[in-house]
Amino acid sequence: VDGEGADETLREFERRFGRLPETPHVLTGKGLHFYFRTDAPIGCPKGIMRGLDVRGNGGGVVAPPSIHANGHRYEWD
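1. A short note on the sheet that holds strand β1 (residues 25-27)
Then comes step 1: Strands sit in the order β2-β1-β3 across an open sheet of three strands; the sheet is antiparallel. The sheet is open, and its two borders are formed by β2 (32-34) and β3 (75-76), each paired with just one other strand.
Then comes step 2: Sheet analysis places β1 next to β2, joined by three bridges and oriented antiparallel. Looking at the pairing, H25 lines up with F34 of β2.

2. Focus: helix α1 (residues 6-17)
Then comes step 1: In this model α1 runs 16 Å from its N-terminal to its C-terminal C-alpha over 12 residues, within 8% of the 16 Å that 1.5 Å per residue would give.
Then comes step 2: Considered for burial, the residues of α1 that qualify are A6, T9 and L10. Within α1, the buried residues cover an arc of 100 degrees as seen down the axis, which keeps them to one side. The exposed residues of α1 that point more than 90 degrees off its buried face are D7 and R15.
Then comes step 3: Summarising the contacts, the buried residues of α1 are in contact with β2.
Then comes step 4: Residue G18 follows α1 closely and has a positive phi angle near 100 degrees.

Calculation notes
- Residues numbered from 1 in each chain as written.
- Predicted model: local features only at pLDDT ≥ 70, side-chain atom pairs only at ≥ 80, totals over all residues.
- Heavy atoms only, no water.
- Pairing = 2+ DSSP bridges.
- Helix = DSSP H or I, 4+ residues; strand = E, 2+ residues; numbered from the N terminus.
- Expected span 1.5 Å × (residues − 1).
- Buried < 20%, exposed > 50% of the residue type's maximum accessible area, 1.4 Å probe, protein only.
- Arc of directions from axis to C-beta.
- Contact = heavy atoms within 4.5 Å.

This is how it looks when you write it as structure tokens:
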């Protein structure tokens, strides 16, 4: 969940689809990354919600201890 309004996007997601289970997550330079395990084939769908990206098979993410372009360090929360 990235960008301004990340908290609002997360609340809206949970209103629509239910509460997210506890899972490791990372503070990024602009929001949060949540990491989930699944055996289902998940690609990299777009347009689920504003500010929400999904990365699965064939996708990549920036992970700790990388530094965002704005100078903030990615870190486990």
